[in-house]
Every structure is written in C-alpha cells, then in structure tokens.
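Working through the structure, step by step
Chain residues, written in single-letter form:
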Amino acid sequence: MKEQLQHAVNDQIRAEFESAYIYLAASARFDAQGLNGFAHWMRTQWEEETVHALKLYDFLLQRDAQVELQALSKPELSFETPLEAFEMVLEHEQYITGRIYELYQQAVDARDYPLQNLMQWFIDEQVEEEDSVRAILDDLRLVGDSGATLLLLDRELAARQLDPGA
Ligand code: OFO
C-alpha cells in the first residue's frame, strides 16, 4: 500500500477515535443532566465510532501496512441543550463525510481498489448516520428543549442498540 495512503488511513483512525471521544464526553454531559436516553444514544455512538476506527486499523494490518496511532485532542463540547448537541453532531458528521470522500478520492487516484471498497462502506454508513441524526433533529425542533415531550424522546433514544453492521 502506498505510503501516502497509509498516512491518510492512519489519520482517519485518529479522526474516528476523536469522534468516539466527542460522543463519550457528550454522553457524560447528558448523564449529568439526567437525560439518560440521550446519554445512552451518545454512548452507543461512541461504540460505533470505535468500531469504525478498528475497521480501518484491521484493514491496515490485513494489507501489511503500518499502523501509527496518533495523539487524540481533548473533546470540546459547544452545546448546552439537546437541540444544540444534535446540531453539533450533524455538523461533525458532515465534516467526517468530507474526510471520507477525500480518502476515497485518494484511493481512486492511487488505483487502490481494496481501499476504494472499504471507503464505499464508509460512504454508505455516513448516509445512514446523517439521516438518523437529521430525524432526531426534526423531533427536537418539534418538541423543543424541555418538558414532557423531551422526556418521551429521551425514552425513545434509550432504546438505541449498536448496529451490528456498524
Ligand atoms: Fe460517525 O462515522 Fe465514523 O466514520
């Protein structure tokens, strides 16, 4: 595997672990606010992002390429309310989608077909992730950031399970 691509995949491993870190921090904040369903959703998202990082990690190992784990930044949370939190999540996932497209393009340019296949999986995954986050945002915009309906949404999010295909 070309060295430049190995660096790019290692950098994406960092980005996935940093995503996981952001969601874990968000989970702790919701837990402290007593919104246990939101906390659970974020913690499940942490788990999914860890799976994504390991998918890339295993891919490098399979290709006999070099794994170079990088330092992770401290997660900075810019939200106060559930609505702001999910606006942050959507913005973050759109940023990740941009990175995935970039990595896919690099794989195309290098004619690295296995990496193109793997990136295709990530591209599909990002469509699903952005869609599910938009659905929660729609609900939050309808119910607002407080009151009984927010608690109902909190209960709904408590039911989220880790997607076995994630
Ligand atoms: Fe949130 O998605 Fe990973 O790639």
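Residues numbered from 1 in each chain as written. Predicted model: local features only at pLDDT ≥ 70, side-chain atom pairs only at ≥ 80, totals over all residues. Heavy atoms only, no water.

**Observations concerning helix α2 (residues 36–62)**
We count it as follows: We count a stretch as a helix when DSSP gives it H or I for four or more residues in a row; a strand needs E for two or more, and each element gets its number in order from the N terminus. Here, expected helix span is obtained from the residue count minus one, scaled by 1.5 Å.
Taking 1.5 Å of rise per residue, the 27 residues of α2 would be expected to cover 39 Å, and the 39 Å separating its terminal C-alpha atoms lies within 8% of that figure. Asp64 occupies a position one or two residues after α2 and carries a positive phi of about 60°.

**Describing the side chain of Gln45**
Let me state the cut-off plainly: Throughout, a residue-residue contact means that at least one pair of heavy atoms, one from each residue, lies within 4.5 Å.
Examined against the element boundaries, Gln45 turns out to sit in helix α2. In this structure Gln45 touches Tyr23, Glu93, Glu129 and Arg160, once residues within four positions along its chain are discounted.

**Points about the packing of aromatic side chains**
Condition: For this analysis, a ring pair means two rings from Phe, Tyr or Trp (six-membered ring only for Trp) whose centres lie within 6.5 Å, classed as stacked if their planes differ by under 30 degrees, edge-to-face if by over 60, and tilted for the remaining angles. Only protein chains enter the accessibility calculation, which uses a 1.4 Å probe. A residue is then buried if its area is under 20% of the maximum for its type, exposed if over 50%, and partly exposed in between. Here, over-ring charges are defined by two tests on the NZ atom of lysine or the CZ atom of arginine: distance to the ring centre within 6 Å, and angle to the ring normal within 35 degrees.
Tallied over the full model, the rule gives 5 aromatic pairs. With centroids separated by 5.4 Å and ring planes inclined at 25°, the aromatic side chains of Phe30 and Phe79 adopt a geometry described as stacked. Linking Phe30 in helix α1 (residues 3–32) with Phe79 in the loop between α2 and α3 (82–109), this pair joins segments that are 49 residues apart in sequence. The same class applies to Phe30 and to Phe79, which are both buried. Taken together, the ring pairs in this structure connect Phe30, Phe38, Trp41, Phe79 and Phe86 into an aromatic cluster. Here the basic side chain of Lys55 rests over the ring of Trp121, its NZ or CZ set 4.1 Å away from the ring centre. The residue whose ring lies beneath Arg160 is Trp41, and the NZ or CZ to ring-centre distance is 4.5 Å.

**Quick look at α1**
With 30 residues, α1 extends 44 Å between its outermost C-alpha atoms, agreeing within 8% with the 44 Å of an ideal straight helix rising 1.5 Å per residue. Positive phi shows up at Gly34, right after α1, with a value of about 80°.

**Regarding the side chain of Arg14**
Relative to the elements of secondary structure, Arg14 occurs in helix α1. Those residues in contact with Arg14 that lie beyond four places of it in its chain are Gln70, Ala71, Leu72 and Arg99.

**Structural notes on the nonpolar core**
Operational definition: Buried Ala, Val, Leu, Ile, Met, Phe, Trp, Tyr and Cys residues that are joined via side-chain atoms within 4.5 Å together make up what is termed a nonpolar core.
Ranked by internal contacts, the top residues of the largest apolar core, which has 23 residues, are Phe30, Phe38, Trp41, Met42 and Phe86. Secondary-structure elements contributing two or more residues to this core are α1, α2, α3, α4 (113–143) and α5 (148–157). At 5 residues, α3 tops the list of elements feeding residues into this core. Residues in contact with Trp41, not counting those within four places in the same chain, are Phe86, Val89, Val133, Ile136, Leu157 and Arg160. Counting residues in each nonpolar core, the second largest holds 19 residues, with Ile13, Ala65, Leu103 and Leu118 among its members.

**Side note on the packing of α4 against α5**
The description of two helices packed together rests on the angle between their axes and the distance between the axes. So the rule is basically this: Axes here refer to lines fitted to C-alpha atoms; in helices the fit is confined to the stretch in contact. Angles between the N-to-C directions go from 0 to 180 degrees. Our angle categories are set so that under 35 degrees counts as roughly parallel, over 145 as roughly antiparallel, 65 to 115 as roughly perpendicular, and the remainder as oblique. Should the near helix be turned counterclockwise from the far one by less than a right angle, the crossing is left-handed, whereas a clockwise turn marks it as right-handed. We call Asp, Glu, Lys and Arg charged. Ala, Val, Leu, Ile, Met, Phe, Trp, Tyr, Cys and Pro are nonpolar, and the rest, Gly among them, are polar.
Packing of α4 against α5 leaves a shortest axis separation of 9 Å and a crossing angle of 160°. If you check the angle between α4 and α5, you find them roughly antiparallel. Where α4 crosses over α5, the two elements pack in a sense that is right-handed. Listed contacts from α5 to Ile136, Asp139, Leu140 and Val143 of α4 are Thr149, Leu150, Leu153, Glu156 and Leu157. Within the contact of α4 with α5, the residues separate by chemical class into 6 nonpolar, 1 polar and 2 charged.

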